[in-house]
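Chain residues, written in single-letter form:
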Amino acid sequence: MTRANDLMRIRDLLQRRRRAILSTSEGAQRELSALKDSDRDPEYEEQAQAELADYTLSSLMETQRREVMLIDAALRRMDTGVFGECVDCGADITIERLEAMPFAIRCEEDATSHELEMRGGHAQSIPTL
Ligand SMILES: [Zn+2]
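The rules we used
- Residues numbered from 1 in each chain as written.
- Predicted model: local features only at pLDDT ≥ 70, side-chain atom pairs only at ≥ 80, totals over all residues.
- Heavy atoms only, no water.
- Helix = DSSP H or I, 4+ residues; strand = E, 2+ residues; numbered from the N terminus.
- Contact = heavy atoms within 4.5 Å.
- UniProt positions renumbered as here; feature names shortened; annotations may be inferred.
- Salt bridge = Lys/Arg side-chain N within 4 Å of Asp/Glu carboxyl O.
- Donors = N, O, S within 2.8 Å, 3.2 Å for Na, K, Ca; no water.
- Tetrahedral: all angles 85-135°; square planar, octahedral: opposite > 155°, others 65-115°.

Within an unreviewed UniProt entry, the label attached to the protein chain reads Zinc finger DksA/TraR C4-type domain-containing protein, and the organism entered is Cystobacter ferrugineus.

Have a look at this one:
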């Protein structure tokens, strides 16, 4: 297996995942509008249930929307040929890491130091040569 083949496989997985998310959220939206449009007696229980479903679905959809955005960004990086390259040091991110985290844009080392910086940790930044 070459790295190019591995990347193609990850691309395929991302595209399949994207389609799955989109069809799931379409189904959820249909279910939700069916629930809202049902002209049964507007009893409290049902209303509460519909509201709960609404809330659950919208937060679910928010999560899915974010994931689709991440997938789109990863696919765009693949199109421009920079997918799998660390944005900090330009090194190839290992396939193992990409398979576990296809949205990773940094190698493990840089991701760790980036995270420390984001947390306001006191990581000394050592200038890379
Ligand atoms: Zn790096």
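What follows picks up the thread again.
Some details on the environment of Asp92
Tracing the backbone through its elements, the reader meets Asp92 in the loop between α2 (44–79) and α3 (95–100). The spacing of Asp92 and Arg106 is 14 residues in sequence and 8.9 Å in space, taken between C-alpha atoms. Apart from the residues lying within four places of it in its own chain, the contact partners of Asp92 are Arg3, Gly84 and Glu85.

Focus on the UniProt feature "zinc finger region: dksA C4-type" (unreviewed entry) in the protein chain
When the UniProt feature table is mapped onto this chain, "zinc finger region: dksA C4-type" (unreviewed entry) is found at residues 86–110. Measuring from the first to the last C-alpha atom of residues 86–110 gives 8 Å, for a span that is 36% helix and 0% strand.

Comments concerning the pattern of salt bridges
With the rule as written, the count across this model stands at eleven salt bridges. With a closest N to O distance of 2.9 Å, Arg11 and Asp79 form a salt bridge. Of this pair, Arg11 sits in helix α1 (residues 3–37) while Asp79 sits in helix α2, placing them 68 residues apart in sequence. Here the salt bridges do not stand alone but share partners, grouping Asp6, Arg9 and Glu99 into one network.

What about the coordination of the zinc ion?
For the zinc ion, the full set of protein donor atoms is Cys86 (SG), Cys89 (SG), Cys107 (SG) and Asp110 (OD), and the range of their distances to it is 1.8 to 2.3 Å. Around the zinc ion sit four donor atoms, and with donor-metal-donor angles ranging over 102 to 118° the site reads as tetrahedral. Each donor residue of the zinc ion lies on one chain, and together they are spaced C-x2-C-x17-C-x2-D. Of this pair, Cys86 sits in the loop between α2 and α3 while Cys107 sits in the loop between α3 and α4 (108–118), and the two are 21 residues apart along the sequence.

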